[in-house]
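Observations on the three-dimensional arrangement
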Amino acid sequence: MGAERAQLADEVESLLGGFPLRAVLTSTPGVGAKTAATIRLAIAGTFAFPSAAYLAAYAAHPERFVRKAPEPPALPAAAWINQPEGVATTTQ
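The following paragraphs examine the structure supplied in this document. (Residues numbered from 1 in each chain as written. Predicted model: local features only at pLDDT ≥ 70, side-chain atom pairs only at ≥ 80, totals over all residues. Heavy atoms only, no water.)

The secondary structure content of the chain amounts to four helices and zero strands. Going from N to C terminus, the chain has its helices and strands arranged as α-α-α-α. The buried share of the chain, taken over its 92 residues, is 12%. If you take every contact in the chain between residues at least 6 apart in sequence, the share linking residues at least 24 apart comes to 10%. Just so you have it, the chain exposes about 7300 Å², and 60% of that area is on carbon and sulfur atoms. (Helix = DSSP H or I, 4+ residues; strand = E, 2+ residues; numbered from the N terminus. Buried < 20%, exposed > 50% of the residue type's maximum accessible area, 1.4 Å probe, protein only. Contact = heavy atoms within 4.5 Å. Areas by Shrake-Rupley, 256 points an atom, 1.4 Å probe, with all protein chains shown as cover.)

Next up, the structure:
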């Protein structure tokens, strides 16, 4: 039983071999090789995330990513704290 566990632990470590976020994941308290490998396998083959925020959104709500990566909403052309009179606010 001990030899099987050691072999399985080695296989899990090999899954993380070239994963660029390995150091980040395993430096998080409570995240070891097994959890890091689970995260890697969960996001592998989906699509490249442009930022950590996209990855976090995927982790929280994977059902929203059925066909493609999310797109952020359009930014407003101007943002005012106190909008001057006669200036219309539009979006891009």
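Now that the structure is up, let's keep going.
Over its 14 residues, helix H1 (residues 2-15) runs 20 Å from end to end, which matches the ideal 20 Å to within 8%, given 1.5 Å per residue. Among the 14 residues of H1, one are classified as buried, and the element is accordingly described as predominantly exposed. (Expected span 1.5 Å × (residues − 1).)

A word on the nonpolar core. Among the nonpolar cores identified, the biggest contains seven residues, and these are Val 12, Leu 16, Phe 19, Leu 25, Val 31, Ala 36 and Ala 37. In contact with Ala 37, not counting residues within four places along its chain, are Val 12, Leu 15 and Leu 16. (Core = buried A, V, L, I, M, F, W, Y, C linked by side-chain atoms within 4.5 Å.)

With that out of the way, let us pick up the environment of Thr 26. Residue position: Thr 26 is located in helix H2 (residues 22-27). Under the relative-accessibility criterion, Thr 26 is labelled partly exposed at 32%. In this structure the C-alpha to C-alpha distance between Thr 26 and Ala 37, which are eleven residues apart in sequence, comes to 9.8 Å. Every residue in contact with Thr 26, bar those within four places of it in the chain, is listed here: Val 31, Gly 32 and Ala 36.

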